[in-house]
Each structure stands twice: as C-alpha cells, then as structure tokens.
Amino acid sequence: MNKPVTDADLIRAFRGGHEDAFEELVRRYQRAIANVIYLTLGDRQEVEDLTQEVFIRAYKSLSRFDESSTLYSWLYRIAVNLCIDEIRRRKIRRTLSLQTLPEGAMEQEQASTQTSSPADDLLREERRAVILKTLERLSPTYRVALILREYEDMSYQQIAQTLHISVQAVKSRIFRARQELKEYLKNYFEERR
C-alpha cells in the first residue's frame, strides 16, 4: 500500500519542477477556499474569480513558503486577505460570526435535515439566507474569525496562525461577533417560536 502524499511532499515536488504536484494541492484545497470566500463575501459571482486568484498567488509564492506553518493556514490567509481587500473596495463593513444563534439552534438545524418535508426544507433555506445576510452586517475582522471557527472548524490556534494575531484576540473577535449576530438575529428567531 502506498503511503499518502503529504502537502510537504507535494510542495517539494513542485519546487523540483513537477507542475502536477501543484494541481494536486489545488484539488485538495479548492473547495475549502471557495467556501471561505463565499461565506466571507456572500457573493457567488466572486467565488470563482477570487478562488483562482488565491491559487495564482500561491503558485507565484510557493517557492518561498515557510514549511513551519501549514499550507492550509497559509492558503486561508491569502483568501482572507483577498476578501478583506474586496470588502474594502466595495466599502462594505462585514464580520464573520455564527455562534450567536439562540442556544440549540444549530442542533435543531442539523436534526431537522435528517427528516424533513418540503415546507421544512423551505424554512431551513430561509433561515440559512437570513443568517448569511446577517453575517454581512458584521465587521470583516469579526466575520472572518467566526467563519474560520464555525464553518471551517479551525481551532483558535489555527485561526491565530492564519490571521497573524494572538489566540486571545481570536477569542475576543469570535465572542464579539457572536454577540452582534445574536443581537441581529434575536427578533427573527423569536418570531418563529
């Protein structure tokens, strides 16, 4: 049985002139990067272009990649920086956060997907759209930290490394994002009880 090829193996192969090694890295991370971009910007039209830009920048800089950090964190950092630049260009203030839902809302959401009717599916889609729209109201710094935590399931340490901030700053941003999101969404969830 062949040993799985690691990111480090692929990076070394790419540096050695094997272009197909980079293609494998793109395959591994393309979906995750696209998700971060979509969740950050909320604009499906931007996802493809910005995802491509992330990998173009990675391609140009991979020879200088510091292997003491993870490729995953490095790519996310590129994606987050591009998203922040895009938000600034649009002059839209956004922040990433999700855990501000009323207690138990996420568990309800997951349980309801297992046995649902068309009406339940429609309600779930409406709820998802409301949450995404509400995320857009948050500041970019809060929003990014929250998305990395809640949607990408990154640890506080990984987020700190990705965003080049302290773990305490990550916790603070996520806490504030959740508080803001909770405040924005409280009326929506109270109406549906």
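See the structure shown above.
So, a few notes on the structure that sits alongside this text. On a predicted model such as this, the values are computed, not experimentally measured, just so you know. (Residues numbered from 1 in each chain as written. Predicted model: local features only at pLDDT ≥ 70, side-chain atom pairs only at ≥ 80, totals over all residues. Heavy atoms only, no water.)

## Some words on the overall build of the protein chain
Line of reasoning, step 1. Scanning the protein chain for helices and strands turns up nine helices and zero strands.
Line of reasoning, step 2. Counting only residues that meet the buried cut, the protein chain has 42% of its 193 residues in that class.
Line of reasoning, step 3. When contacts within the protein chain are restricted to residue pairs at least 6 apart in sequence, those whose partners lie at least 24 apart make up 71%.
Line of reasoning, step 4. Total accessible area computed for the protein chain in this model is approximately 11,400 Å², and 48% of it derives from carbon and sulfur atoms. (Helix = DSSP H or I, 4+ residues; strand = E, 2+ residues; numbered from the N terminus. Buried < 20%, exposed > 50% of the residue type's maximum accessible area, 1.4 Å probe, protein only. Contact = heavy atoms within 4.5 Å. Areas by Shrake-Rupley, 256 points an atom, 1.4 Å probe, with all protein chains shown as cover.)

## As for the packing of helix H2 (residues 19–41) against helix H3 (residues 44–61)
Line of reasoning, step 1. The contact between H2 and H3 brings their axes to 8 Å, and the two run at 140°. With respect to each other, H2 and H3 are oriented oblique. Our pair here, H2 against H3, has a crossing hand that is right-handed. Where H2 approaches H3, its residues Glu19, Phe22, Leu25, Val26, Tyr29, Gln30, Ile33, Ala34, Ile37, Tyr38 and Leu41 are matched on the opposing element by Arg44, Glu46, Val47, Leu50, Thr51, Val54, Phe55, Ala58 and Tyr59.
Line of reasoning, step 2. Of the residues assigned to the contact of H2 with H3, the class counts are 15 nonpolar, two polar and three charged. (Axes fitted to C-alpha atoms, helices over the stretch in contact; angles between N-to-C directions. Parallel < 35°, antiparallel > 145°, perpendicular 65-115°, else oblique. Left-handed = near helix turned anticlockwise from the far one by under 90°. Nonpolar A, V, L, I, M, F, W, Y, C, P; charged D, E, K, R; others polar.)

## Some remarks on the pattern of salt bridges
Line of reasoning, step 1. Throughout the structure, instances matching the rule amount to eight salt bridges.
Line of reasoning, step 2. Close ionic contact of Arg12 with Asp9 constitutes a salt bridge, the shortest N to O distance being 2.9 Å. Separated by three residues within a single helix, Arg12 and Asp9 lie in helix H1 (residues 7–15), roughly one turn from each other.
Line of reasoning, step 3. Here Arg12 falls in the partly exposed class, since its relative accessible area comes to 44%. (Salt bridge = Lys/Arg side-chain N within 4 Å of Asp/Glu carboxyl O.)

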